[in-house]
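Overview (structure and organization)
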Amino acid sequence: MKKIFFILLSFSFIFLLKGVEKQESNNKIKIIIKKKEDKSYLTKPKPVNIIFMLPLFFSSTKLNQESKELSDHALSFYLGAKTAIDFLIKNKKQQKINIKIFDTKNEKKRIANFIESYDLSKIHVIIGPFFRSSLEEIAKNNKKIPIISPFISSDYLNFYPNIVQAEAKNIYLIEPILEEIKIIHQKEKIKTLYLLGEDPGKKIINFIKKKLLQCNPHFQVFYLKNNFFNVVNDMPFFAVFLGGNPFLGKKFIEFIKGFSKKKIIPFGIGYNSVYYENISFLKEYKFLFTTKYHFNKNDETKRKMFFFMRKKLGYHLNKYQLLGFDLSYDILCRLIENNNLFKIIDKKPFSGLVSKYKYEKISDKGGYINRGLWIIRLH
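Structural notes, computed from the coordinates.

Rules behind the numbers
- Residues numbered from 1 in each chain as written.
- Predicted model: local features only at pLDDT ≥ 70, side-chain atom pairs only at ≥ 80, totals over all residues.
- Heavy atoms only, no water.
- Phe/Tyr/Trp six-rings, centres within 6.5 Å; stacked < 30°, edge-to-face > 60°.
- Helix = DSSP H or I, 4+ residues; strand = E, 2+ residues; numbered from the N terminus.
- Buried < 20%, exposed > 50% of the residue type's maximum accessible area, 1.4 Å probe, protein only.
- Lys NZ or Arg CZ within 6 Å of the ring centre and 35° of its normal.
- Pairing = 2+ DSSP bridges.
- Axes fitted to C-alpha atoms, helices over the stretch in contact; angles between N-to-C directions.
- Contact = heavy atoms within 4.5 Å.
- Core = buried A, V, L, I, M, F, W, Y, C linked by side-chain atoms within 4.5 Å.

Scanning the entire structure with this criterion turns up 31 aromatic pairs. Ring plane angle 55° and centroid distance 5.8 Å describe the contact between Phe-87 and Tyr-329, whose orientation is recorded as tilted. Taken together, the residues span a long stretch of sequence, with Phe-87 in helix H3 (residues 65-91) and Tyr-329 in helix H12 (residues 319-337) at a distance of 242 residues. The buried category is assigned to Phe-87, whose relative accessible area is 10%. In textbook terms, an aromatic cluster arises when at least three aromatic residues are bridged by ring pairs, as seen for Phe-241, Phe-252, Tyr-271, Tyr-275, Tyr-276, Phe-287 and Phe-289. A cation over an aromatic ring shows up here: Lys-257 above the ring of Phe-281, its NZ or CZ 5.5 Å from the ring centre. In this structure, Arg-371 packs its charged tip against the face of Tyr-172, placed 4.0 Å from the ring centre.

Right, let's talk about the pairing of strand S17 (residues 374-377) for a bit. Of the two faces of S17, only one is covered, namely that formed by Trp-374 and Ile-376; the face formed by Ile-375 and Arg-377 stays uncovered. Inspection of the sheet shows strand S12 (residues 288-291) paired to S17 by 4 bridges, in the antiparallel sense. When the sheet's bridge partners are listed, Thr-290 is paired in S17 with Ile-375.

Within the open sheet, the 7 strands sit side by side as S4-S3-S5-S6-S7-S16-S15. Their pairing is mixed. For this open sheet the edge positions go to strand S4 (97-103) and strand S15 (359-361), each flanked by a neighbour on one side alone. For this sheet the average axis-to-axis angle between neighbouring strands, irrespective of direction, equals 25°. Sheet analysis places strand S3 (residues 48-54) next to strand S5 (residues 125-127), joined by 3 bridges and oriented parallel. Counted as the bridge partner of Ile-50 is Val-125 from S5. In this fold helix H4 (residues 108-117) packs onto S3 and S4, with an angle of close to 140° to the strand it touches most, S4.

Moving on: the nonpolar core. Ranked by size, the top nonpolar core spans 44 residues in total, and within it Phe-52, Ile-148 and Leu-327 carry the most contacts. Elements represented by at least two residues in this core include exactly S3, H3, S5, helix H11 (300-313) and H12. Element by element, the count of residues in this core is highest for H3, at 9 residues. Those residues in contact with Ile-148 that sit more than four places away from it in its chain are Val-125, Ile-126, Ile-127, Gly-128, Leu-135, Val-164, Ala-166, Leu-327, Ile-331 and Leu-341.

Next up, the structure:
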């Protein structure tokens, strides 16, 4: 028993020496217990200060239909954003996020007055407003604070160094498909392409023609808006369906069924419900489509986010709630890592519940734009 007691006592003494200082004086040993230095201030996260500028029309009594719809979208967007903030605080309990909401009422003069009168020196980011002219109004009067454009991606915004365009342009959806077509063209020498449906960006058709003719000046590109069954071709060809029209989407599926797998190589641009309704069939063609919005049910992190959001906002989530959640969660995660958004925004991509964010600087003097999208192959 004495031996055991001695071992335990020795261990305790050694452990104690880690926090003490020993001084020797006149053959006597004096032990001074040192207080542990408090360094908690070094690890405590810095607060994030954010302003939402949204057309909420809260104090307005009589709204026309357009303003009422705009107000509903803005409120849904903010509820999604607030849920993202709640989710972050739940997982990062020490993090402080300060929010200010400014109701723009979709008035440029009201926005200008706010920018002139409010102290923005400690604000890390402004999310909103919704419209281009309002975004420009802020950017002209404030050239340092990042301004996030939630829904507008426009060439007019490219020249403002502090505007971040979060919505990927429709034109980016075609680029992965063109790369796929070029690879197949080099192997199989297929040089005919049919574009079917409605052009969502009004620029995609000319963009495709230009790029494919650069690849091969003999490439033939035909556009059929809705008369899909006028195609008569004995040689293999590419078929690209444009847009998300569900009625035309069904016609596109019927169109594919009219040709053998050796004859047609189909692709899709943008989300369409018919792709998910015909997964088994489209797998036979190794169908590839690109989309800005997609929910991956197999991702455990996304599932946790989704169930948290559904618990807060109910089962019937809308587009604006989902986009409000994704955009705010992404921006806030970056700001928590570094309060200077511009030092981190283009360093790594992020995928939210339905959106992807991969920011690139537009030019030396310009701002940033999102090029994130989903590339989905059924096989």
